[in-house]
Amino acid sequence: MSNDEIFAAAYREHYWAVSRYVARRLDGRMSEVEEVVAEVFTVAWRRRDDLPASPLPWLYGVARNCLANAVRGYGRRRRLVDRLGNDDAAHGRHIEAGPDAESPGGWVHEALARLSPADQEVLRLTAWEELAVEEVAVALGCGRRAAAMRLHRARRRLRAEIDRMSPATAPKERNHG
């Protein structure tokens, strides 16, 4: 099979998994999701000679880098809009969520958001993307032992954040086992 055919097979097999990976990290901003996914597969096309036999973790690693670039660009655009005074807050349009707006499991997302981006990413790779530690290592560009340690520490910090949350937001009964 040629490198072009290997790339085409990886694209067909993993396009939607990469799209979901990116969408979850961009909170569903679809125009940006499409741009980042296109960039991921552009990089993969350019580096099709380097595609591993199991390309998904490698594609997640590429997506992670593309996301970092996109987030930096988004931040620059946001700061520009703020300087120009065209943001909603400048025009008195602040929308407050209603009391029924909390989504099920929102407390988990709140606890996760309190963690560092690196901790969030390792937890998301295992929970959302369902990667094994070996695959997480590929996606993060580190060794298996380093990935396992990062995951262990991130889980410990997440548990600590959940335990710190007020009883009103955390569930009444938790299994600490």
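Here, the structure is the one placed above.
Residues numbered from 1 in each chain as written. Predicted model: local features only at pLDDT ≥ 70, side-chain atom pairs only at ≥ 80, totals over all residues. Heavy atoms only, no water.

A. Up close: the overall build of the chain. Scanning the chain from N- to C-terminus turns up seven helices and zero strands. When the helices and strands of the chain are read in sequence order from the N terminus, they spell out α-α-α-α-α-α-α. Per-residue burial for the chain yields a buried fraction of 36% across its 177 residues. Look at the contacts in the chain between residues 6 or more apart in sequence, and 61% of them connect residues 24 or more apart. Here the chain displays about 11600 Å² of accessible surface, and carbon together with sulfur accounts for 52% of that area. (Helix = DSSP H or I, 4+ residues; strand = E, 2+ residues; numbered from the N terminus. Buried < 20%, exposed > 50% of the residue type's maximum accessible area, 1.4 Å probe, protein only. Contact = heavy atoms within 4.5 Å. Areas by Shrake-Rupley, 256 points an atom, 1.4 Å probe, with all protein chains shown as cover.)

B. Representation of helix α5 (residues 117-127) within the structure. When you tally the buried positions in α5, you get eight out of eleven residues, the bulk of the element. D119, Q120, E121, V122, L123, R124, L125 and T126 are the residues of α5 that are buried.

C. How the structure looks around the pattern of salt bridges. The tally for this structure, following the rule as stated, stands at twelve salt bridges. Note that R25 and E121 form a salt bridge whose closest N and O atoms lie 2.8 Å from each other. Here R25, found in helix α1 (residues 3-25), pairs with E121, found in helix α5; they are 96 residues apart in sequence, far enough to count as distant. Between E134 and R144 there is a salt bridge, and its shortest N-O distance comes to 2.9 Å. In this pair, E134 sits in helix α6 (residues 133-140) while R144 sits in helix α7 (residues 144-164), placing the two residues ten residues apart along the sequence. The class of E134 is partly exposed, set by a relative accessible area of 43%. Assessed through its relative accessible area of 44%, R144 is described here as partly exposed. Through salt bridges with shared partners, one network takes in R24, R25, E121 and E129. (Salt bridge = Lys/Arg side-chain N within 4 Å of Asp/Glu carboxyl O.)

D. Region of the structure containing the packing of helix α4 (residues 106-113) against α7. Put simply, α4 and α7 touch, their axes get as near as 9 Å, and they point 120° apart. When the interaxial angle is binned, α4 and α7 end up oblique. As α4 packs across α7, the resulting crossing turns out to be right-handed. On the side of α4, the interface is formed by W107, A111 and L112, while α7 contributes L158, E161 and I162. In terms of residue class, the contact of α4 with α7 is made up of five nonpolar, no polar and one charged. (Axes fitted to C-alpha atoms, helices over the stretch in contact; angles between N-to-C directions. Parallel < 35°, antiparallel > 145°, perpendicular 65-115°, else oblique. Left-handed = near helix turned anticlockwise from the far one by under 90°. Nonpolar A, V, L, I, M, F, W, Y, C, P; charged D, E, K, R; others polar.)

E. Inspection of the environment of R150 at higher detail. Considering the arrangement of structural elements, one finds R150 in helix α7. Judged by its relative accessible area of 39%, R150 falls in the partly exposed class. When the C-alpha positions of R150 and D119 are compared, they lie 7.3 Å apart, and in sequence the two are 31 residues distant. In contact with R150, not counting residues within four places along its chain, are V122, L140 and C142.

F. How the structure looks around the nonpolar core. Of all hydrophobic cores here, the largest spans 45 residues; its most connected members are V18, V22 and V40. Mapped by element, the contributors of at least two residues to this core are α1, α2 (30-46), α3 (55-84), α4, α5, α6 and α7. If you tally residues by element for this core, the top one is α3, at nine residues. Sequence-distant contacts of V40, that is, excluding residues within four places in its chain, are made with V18, L59, V62, A63 and C66. (Core = buried A, V, L, I, M, F, W, Y, C linked by side-chain atoms within 4.5 Å.)

G. Representation of the layout of surface pockets in the model. Size it by volume and the largest pocket reaches roughly 510 Å³. Lining the largest pocket are 19 residues, with R25, P117, Q120, E121 and R124 sitting closest to its centre. Of all the elements in the fold, those that place two or more residues in the lining of the largest pocket are α1, α3, α4 and α5. In terms of residue class, the lining of the largest pocket is built from ten nonpolar, two polar and seven charged. (1 Å grid on protein atoms, 1.4 Å probe; cavity = no way out; pocket = protein on both sides within 12 Å on 5 of 7 lines; lining within 4 Å. Points joined across faces, edges and corners; volume = space filled by probe spheres on them.)

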